[in-house]
Amino acid sequence: VIVSAIVSGLILGVGANIFSEAKSDAQQNTPNIQGIIHISVLEISSLGANDQLHIVFELPYVGDAVADTSVSWVMMCLPTGGNNVVFDQGDFTPATTMLGDGQTVGDETEFTPGTVYRMMLDLTGNCDLESTEEATLIIIVDKGRTQERFLEIGGAPYEGQDLM
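What counts and what doesn't
- Residues numbered from 1 in each chain as written.
- Predicted model: local features only at pLDDT ≥ 70, side-chain atom pairs only at ≥ 80, totals over all residues.
- Heavy atoms only, no water.
- Helix = DSSP H or I, 4+ residues; strand = E, 2+ residues; numbered from the N terminus.
- Buried < 20%, exposed > 50% of the residue type's maximum accessible area, 1.4 Å probe, protein only.
- Contact = heavy atoms within 4.5 Å.
- Pairing = 2+ DSSP bridges.
- Axes fitted to C-alpha atoms, helices over the stretch in contact; angles between N-to-C directions.
- Core = buried A, V, L, I, M, F, W, Y, C linked by side-chain atoms within 4.5 Å.
- Disulfide = S-S within 2.5 Å.
- Patch = residues over 30% accessible without salt bridge, like charges linked within 9 Å, V, L, I, M, F, W, Y side chains within 5 Å.
- Areas by Shrake-Rupley, 256 points an atom, 1.4 Å probe, with all protein chains shown as cover.
- Salt bridge = Lys/Arg side-chain N within 4 Å of Asp/Glu carboxyl O.

**Q** For this particular structure, what's the right way to read the overall build of the chain?
**A** Of regular secondary structure, the chain possesses 1 helix and 10 strands. Secondary structure elements of the chain occur, N-terminal to C-terminal, as α-β-β-β-β-β-β-β-β-β-β. Within the chain, buried positions represent 33% of all 164 residues. For the chain, the proportion of contacts with a sequence separation of at least 24, taken over those separated by at least 6, is 59%.

**Q** Help me understand the sheet that holds strand β5 (residues 86-91), please; the structure alone is not making it clear to me.
**A** Through backbone hydrogen bonds, the strands of a sheet pair up, either in parallel or in antiparallel fashion. Strand order in the open sheet made by the 4 strands is β5-β4-β9-β10, with antiparallel pairing throughout. Unpaired on one side and paired on the other, β5 and β10 (146-152) mark the two borders of the sheet. Within the sheet, the average angular offset between the axes of one strand and its neighbour, ignoring direction, is 15°. Examined bridge by bridge, strand β4 (residues 71-77) and strand β9 (residues 134-141) share 7 bridges and lie antiparallel to one another.

**Q** Looking at this structure, I do not really get the sheet that holds strand β1 (residues 38-46). What am I missing?
**A** Taken in spatial order, the 4 strands of this open sheet run β1-β2-β8-β6, and their pairing is antiparallel. Only two strands of the sheet have a single neighbouring strand rather than two, namely β1 and β6 (96-97). For β1 and strand β2 (residues 51-58), the ladder comprises 7 bridges, and the chain directions are antiparallel. Its bridge partner lying in β2, Glu43 is registered against His54.

**Q** Before we go on, may I ask you to explain the nonpolar core in this structure?
**A** Across soluble globular proteins, you tend to see nonpolar side chains buried next to one another. Core analysis: the biggest nonpolar cluster contains 30 residues, and Leu53, Phe57, Met75 and Leu151 have the highest contact counts within it. Those elements that place two or more of their residues in this core are β1, β2, β4, β8 (117-123) and β9. Those residues in contact with Leu151 that lie beyond four places of it in its chain are Leu42, Leu53, Met75, Glu133, Glu134, Ala135, Leu137 and Leu163.

**Q** Would you mind showing me how to read the state of the cysteines here?
**A** Note on terminology: disulfide describes a covalent bond linking the sulfur atoms of two cysteines. Enumeration according to the criterion identifies 1 disulfide in this entry. Cys77 shares a disulfide with Cys127; S-S distance 2.2 Å. Looking along the S-S bond of the Cys77-Cys127 disulfide, the torsion reads about 115°, which is the right-handed sense. Taken as a pair, Cys77 in strand β4 and Cys127 in the loop between β8 and β9 lie far apart in primary sequence, 50 residues in all. Across this residue pair, the class does not change: Cys77 and Cys127 are buried.

**Q** Explanation requested: the environment of Asp68 in the structure shown.
**A** Inspection of the secondary structure puts Asp68 in the loop between β3 (66-67) and β4. Residue class for Asp68 comes out buried when judged on its relative accessible area of 6%. C-alpha separation for the pair Asp68 and Glu110, spaced 42 residues apart in sequence, amounts to 4.9 Å.

**Q** Would you take a moment to explain a nonpolar patch on the surface for this structure?
**A** Taken together, the side chains of Leu78, Val85 and Phe87 define a hydrophobic patch exposed on the protein surface, amounting to about 260 Å² of accessible area. Secondary-structure assignment places Phe87 in strand β5.

**Q** What is the right way to look at the side chain of Ser46 in this model?
**A** On the secondary structure map, Ser46 appears in strand β1. With near-sequence residues (within four places) excluded, Ser46 lies in contact with Asp51, Gln52 and Glu159.

**Q** Hey, could you run me through the pairing of β2 in this one?
**A** The side chains of a regular strand alternate between both faces of the sheet. When you tally the buried positions in β2, you get 7 out of 8 residues, the bulk of the element. Counted along the chain from β1 to the antiparallel partner β2, the turn is 4 residues long, and its residue Gly48 has a positive phi close to 145°. Across 7 bridges, the pairing between β2 and β8 is antiparallel. Paired with Phe57 across the strands is Tyr117, a residue of β8.

The structure is reproduced here in structure tokens:
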């Protein structure tokens, strides 16, 4: 009985050490999921001299807060009948919570996981949505993930058009 108790104690001790080492290895090797942006709404907000896209987004609950200057976007457009890709770009500093207008720089300085934000992406003339049928929106998070979305704009874009 005493020998079996000693052997049982040794087995439990070795098992506990194996599991505790595996736990610390897992914590060290867990990939960072920082910087995943979930897009809920992506639509054309306005057309004209300066086109705008309206984007509603959030970060997942499991991530850390991300500075607004750490998130940027690039829109690549190939004008219909053109041979050269044109770009518009910017960062997410104009983003606000859903109560804001999506255009106020400095209103939010970091994005908190689980909070829904909105922003107007200003296309400053390089990407003219009325002469572009297809475009690609790339969202980049510094030290995080990069997302690419193919946008089917079509031959007759309109305000309020859903690009999801």
